[in-house]
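# Inside the fold
Given next are the chains, with one letter for each unit.
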Amino acid sequence: PMAEAWLRELLRLAVRSYGVTALQVEVIEEAASSKLGDREGMELELWLESLFRGGKLVRVHGGDSVGYGPTPRWLEGKDA
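Since we're looking at a predicted model, the values are computed, not measured. (Residues numbered from 1 in each chain as written. Predicted model: local features only at pLDDT ≥ 70, side-chain atom pairs only at ≥ 80, totals over all residues. Heavy atoms only, no water.)

Let us now look at the packing of helix α1 (residues 2-18) against helix α3 (residues 41-53). The interhelical angle for the contact between α1 and α3, taken along N-to-C directions, is 80 degrees, at an axis separation of 13 Å. Taken together, the axes of α1 and α3 lie roughly perpendicular to each other. Together, Ala3, Glu4 and Leu7 of α1 and Trp47, Leu48 and Leu51 of α3 make up the contact between the two elements. A class-by-class count of the residues in the contact of α1 with α3 yields five nonpolar, no polar and one charged. (Axes fitted to C-alpha atoms, helices over the stretch in contact; angles between N-to-C directions. Helix = DSSP H or I, 4+ residues; strand = E, 2+ residues; numbered from the N terminus. Parallel < 35°, antiparallel > 145°, perpendicular 65-115°, else oblique. Contact = heavy atoms within 4.5 Å. Nonpolar A, V, L, I, M, F, W, Y, C, P; charged D, E, K, R; others polar.)

In structure tokens:
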């Protein structure tokens, strides 16, 4: 739950302060890996994918990379 709260806050800043709807996995890892239980690489991707399957994140494909953004409901602190 704490890792999800940190990720939610990171994505809230990205959306509200910078108008970014999704962050690449690499950016999430660089910005918050230590706050996300030291998840890195494949472990981080699998965790983000589980949040996507749970309806908390949306997956965005762009070029050679994949990014994740928050669903509006989850961003507001309501579980999906």
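After that view, the rundown keeps rolling.
What follows is about the packing of helix α2 (residues 25-32) against α3. Contact pair α2 / α3: the axes reach a minimum separation of 10 Å and the direction vectors enclose 110 degrees. The orientation of α2 relative to α3 falls into the category roughly perpendicular. Taken together, the residues of α3 that come into contact with α2 (itself represented by Val25, Ile28 and Glu29) are Gly41, Leu44, Glu45 and Leu48. Class assignment for the residues of the contact of α2 with α3 results in four nonpolar, one polar and two charged.

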